[in-house]
Amino acid sequence: MMNFDFTEEQELLRKTVRSFVDKEIMPYIKEWDEKQYFETSILTRLADLGLMGVCIPEQYGGSGMDYNSLAIVCEELERGDTAFRTAVSVHTGLNSMTLLQWGNEKQKQKYLFPQSKGQKVGAFGLTEPNAGSDVAAMQTTARDAGDHYVLNGSKTWISLCDVADHFLVFAYTDKSKKHHGISSFIVERTWEGFSSKAIKGKLGIRAGNTGEIFFDNVKVPKENLLGQEGDGFKIAMSALDNGRFTVAAGACGTIMASLEASVKYCHERSTFGKEIGRHQLVQQMIAKMEAGLLQSRLLVYRAGCLKNQGKRNTRETSLAKWQACDYAYEAANDAVQIHGAYGFSNEYPVERYLRNAKAPVIYEGTREIHTVMQGEYVLGYRVDKPLSKTLPAWPFESVTEEAVN
Ligand code: COS
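Residues numbered from 1 in each chain as written. Predicted model: local features only at pLDDT ≥ 70, side-chain atom pairs only at ≥ 80, totals over all residues. Heavy atoms only, no water.

As annotated in an unreviewed UniProt entry, the chain is Acyl-CoA dehydrogenase from Mesobacillus boroniphilus JCM 21738. In its Cofactor (unreviewed entry) section, UniProt records this for the chain: "FAD". Looking at the chain in UniProt, the text filed under Catalytic activity (unreviewed entry) is "a 2,3-saturated acyl-CoA + A = a 2,3-dehydroacyl-CoA + AH2". (UniProt positions renumbered as here; feature names shortened; annotations may be inferred.)

Structure follows, in C-alpha cells:
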C-alpha cells in the first residue's frame, strides 16, 4: 500500500518547526553566520518543543513520533540554516538513534534518556585527519586496561565538538583484525584527557560548531563499550544510515529556501520590461528546483518508510542522500544565478545557501562514495545482508503498555 499523505500530527509538527525557524532563527542567522557563532540556546528551545528526540520512543525520553517526522524536522530546520539541522543530525541521527539500536538498557537509561529530553547533547566521533571516506584507516586506539579502556587519538570535523556532553567514539581495540577490530564507545566530555577545539574559517555552515576532539589517555569504563568489541565498523555504518537520512531531508530544506527566495525575487525584479520570472530561462531554473525538491522528498520518505518498518535501508538512504544533496547544491547555485549580482552579496540569503550546500555533498559519504555504492548495488557487487540489530519498527511498542496488558 502507498500513501503520500502526512498525518495531522506531522502537519502540525511541520508548522511548529516552520514558525520556530521564522521567529528564532531567520532574524539572527545572517549575524551568527558572519560571526561564526553557534547559538546554543536553539538546542534548549528545540528540547522544549520535544524535538531533540522526536523519533525516540517515549520510554527513552523521546516524543515517540515516526522516522519521517525526524525528516520533517530536518527539512524545516535547514530551511533556516544548515547549522541547526546538522546539530539535530549528529545529536539524534548519529548518536541517539545509534544508542537506540545498539545500546543496552543501562546505556539507554543513562545516556539516551537525557539526550532525548535535550538535557544532554550527543555527538559523533568517527572521522580523523587521515580517515574520512576510508573509515578503517583510523588511528585512534582503545587499549584494554582491565576494568577500563584507555583512549588515545583525535577526531576531526566533529559537529558540536565544543557543545556536546556525550560522544560516540570509534577506535581500534585490535588493529590486526582490520575493520573487525574497531569498537565503539560512549565518551563523556568531562573525563580527564578529553579536549576540543573549533575549526574557524569554514566555507559554509559558519553558524555551526565544528572542530576537533582529542583523547589523551582518556579512561573509558568497560560498561561504556557499545555493542561488542569489534562491532564498531558496523555500528558506524548503521549510524550513517540514519545520519545520511537526516542530511538528505535537510537538503530538501535548502531547496525550499532557495525556491522561496528565488520566487520572491522573480516577482520583485524586472528586466526587459517584465518580471524576471517571465523569462523562460529563469523559469527553467525554478522548475528544476521544484523537480529536485519533489524527487528528493520522495527518496527521503521512502527511506523513512523502510525505517518505520524496521527494514534495512542502507541502499535507499544512500541514494536519497546523494541525490538530495546534489539537487540542493544545484538549487542554491541557481538561486544565486537568478539573483544576479545581488546573489553574490550577503544582502540576500542565497549566497549562504550555496556555501552551506557544499558541505553535505562532502560529509556523511561524499557524492563519489554514494555514486560508487549505487553502481555496485546495481551491478550486484554490493549486496546488503539482513542485520542482527535494526532500529525498532514504528509504532513503538511501549514497555509500560506491555506490562499493563
Ligand atoms: N549497517 C550495518 N553493518 C554494515 C553496514 C550498515 N549500514 N554497512 C556495512 N556494514 C558491515 C558489512 O556487513 C560488513 O560486515 P562484514 O565485514 O562482517 O561482512 C562490514 O560492515 C564492511 O562493509 P562493506 O564491505 O560495505 O565495507 P566497505 O569497505 O565496502 O565500505 C564504504 C566502504 C566506502 C562504503 C564505507 O567505508 C563508507 O561508507 N565510507 C564513508 C564513510 C563516511 O560516510 N564518513 C563520513 C563521516 S561524517 S559523520
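After that view of the structure, there is still more to cover.
## Quick word on the pairing of strand E5 (residues 182-188)
With respect to burial, E5 is a largely interior element, 7 of its 7 residues being buried. Side chains Ile182, Ser184, Ile186 and Glu188 project from E5 onto one buried face, and the interleaved Ser183, Phe185 and Val187 project onto a second face that is buried too. Alignment of E5 against strand E8 (residues 225-226), held across 2 bridges, turns out to be antiparallel. Bridge pairing in E8 places Ser184 opposite Leu226. (Buried < 20%, exposed > 50% of the residue type's maximum accessible area, 1.4 Å probe, protein only. Helix = DSSP H or I, 4+ residues; strand = E, 2+ residues; numbered from the N terminus. Pairing = 2+ DSSP bridges.)

## Things to note about the pattern of salt bridges
A side chain with one charge can pair with a side chain of the opposite charge if their charged atoms come near. Here the structure, examined in full by the defined rule, presents 22 salt bridges. In this structure, Lys106 and Glu223 form a salt bridge, with 3.5 Å as the shortest nitrogen-oxygen distance. Of the two residues, Lys106 sits in helix H6 (residues 105-117) while Glu223 sits in the loop between strand E7 (210-221) and E8, which places them 117 residues apart along the sequence. Among the residues examined, Glu223 registers a relative accessible area of 44% and is labelled partly exposed. Of the charged contacts in the structure, one is a salt bridge between Glu351 and Arg355, with a shortest N-O distance of 2.9 Å. Highlighted residues: Glu351 and Arg355, both in helix H11 (residues 350-362), separated by 4 residues, approximately one helical turn. (Salt bridge = Lys/Arg side-chain N within 4 Å of Asp/Glu carboxyl O.)

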